[in-house]
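Here's the letter readout for the chains.
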Amino acid sequence: MLNEMKSRNAGETRKRMNAKEKIMILRELLENKVQIGELSEKYGIHPNVIYNWKKTPFEKCEQLFDDKREKSSGKTEEKIHRLETKLKDKDSLIIELVEDNIRLKKISMGKAK
């Protein structure tokens, strides 16, 4: 479950934990109120590492709870503006084609100005 890696400095082994393992340890800390020292000894991790893991979710909470509607609203407004511009361009092209068509019909019927 826990991966170990040789440290270059002292020949010590350093544990590498995946996200699920870190979450499991944080749950023990926060939900079961197990002391950091106990977790440190139990999993062979320096207490500072666990303190850093504990800070990370709170530092990233804003991103987690950020109102996605505000972001999507901005994207929606941008898309609406882009589509309105595209529609205006198409309308002006249609007007130009209709005018050319009318002019060509008049020329072909001999009623040119």
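Residues numbered from 1 in each chain as written. Predicted model: local features only at pLDDT ≥ 70, side-chain atom pairs only at ≥ 80, totals over all residues. Heavy atoms only, no water.

Trainee: Before we move on, could you go through the overall build of the protein and cite the residues and values that matter?
Mentor: Tallying secondary structure elements over the protein gives five helices and two strands in all. Element order for the protein, N to C, with α for helix and β for strand: β-β-α-α-α-α-α. Each of the 113 residues in the protein was classed as buried or not, and the buried ones make up 12%. Of the contacts made within the protein by residues no fewer than 6 positions apart, 26% connect residues no fewer than 24 positions apart. Summed over all atoms, the accessible surface of the protein reaches about 10300 Å², with 54% contributed by carbon and sulfur. (Helix = DSSP H or I, 4+ residues; strand = E, 2+ residues; numbered from the N terminus. Buried < 20%, exposed > 50% of the residue type's maximum accessible area, 1.4 Å probe, protein only. Contact = heavy atoms within 4.5 Å. Areas by Shrake-Rupley, 256 points an atom, 1.4 Å probe, with all protein chains shown as cover.)

Trainee: Explain the nonpolar core residue by residue, including any values.
Mentor: Met17, Ile25, Leu26, Leu29, Ile36, Leu39, Tyr43, Ile45, Ile50 and Trp53 form the largest nonpolar core, which has 10 residues in total. Put simply, the parts of the chain that give this core at least two residues each are helix 1 (19-30), helix 2 (36-43) and helix 3 (47-59). (Core = buried A, V, L, I, M, F, W, Y, C linked by side-chain atoms within 4.5 Å.)

Trainee: So, the side chain of Glu28: which residues are in play, and what are the values?
Mentor: Within the secondary structure, Glu28 is located in helix 1. The contact partners of Glu28, leaving out residues within four places of it in the chain, are Lys33, Val34, Leu39, Lys42 and Tyr43.

Trainee: Which residues make up the side chain of Glu21, and what values do they have?
Mentor: As for its position among the elements, Glu21 is in helix 1. For Glu21, which is buried and forms no salt bridge, the nearest opposite charge comes from Lys22, at a distance of 8.2 Å. A polar contact is formed between the side chain of Glu21 and the backbone nitrogen of Asn18, at a distance of 2.9 Å. (Lys, Arg positive; Asp, Glu negative; His and termini not counted. Salt bridge = Lys/Arg side-chain N within 4 Å of Asp/Glu carboxyl O. Polar contact = N/O pair within 3.5 Å; in protein donor to acceptor, adjacent residues only side chain to side chain.)

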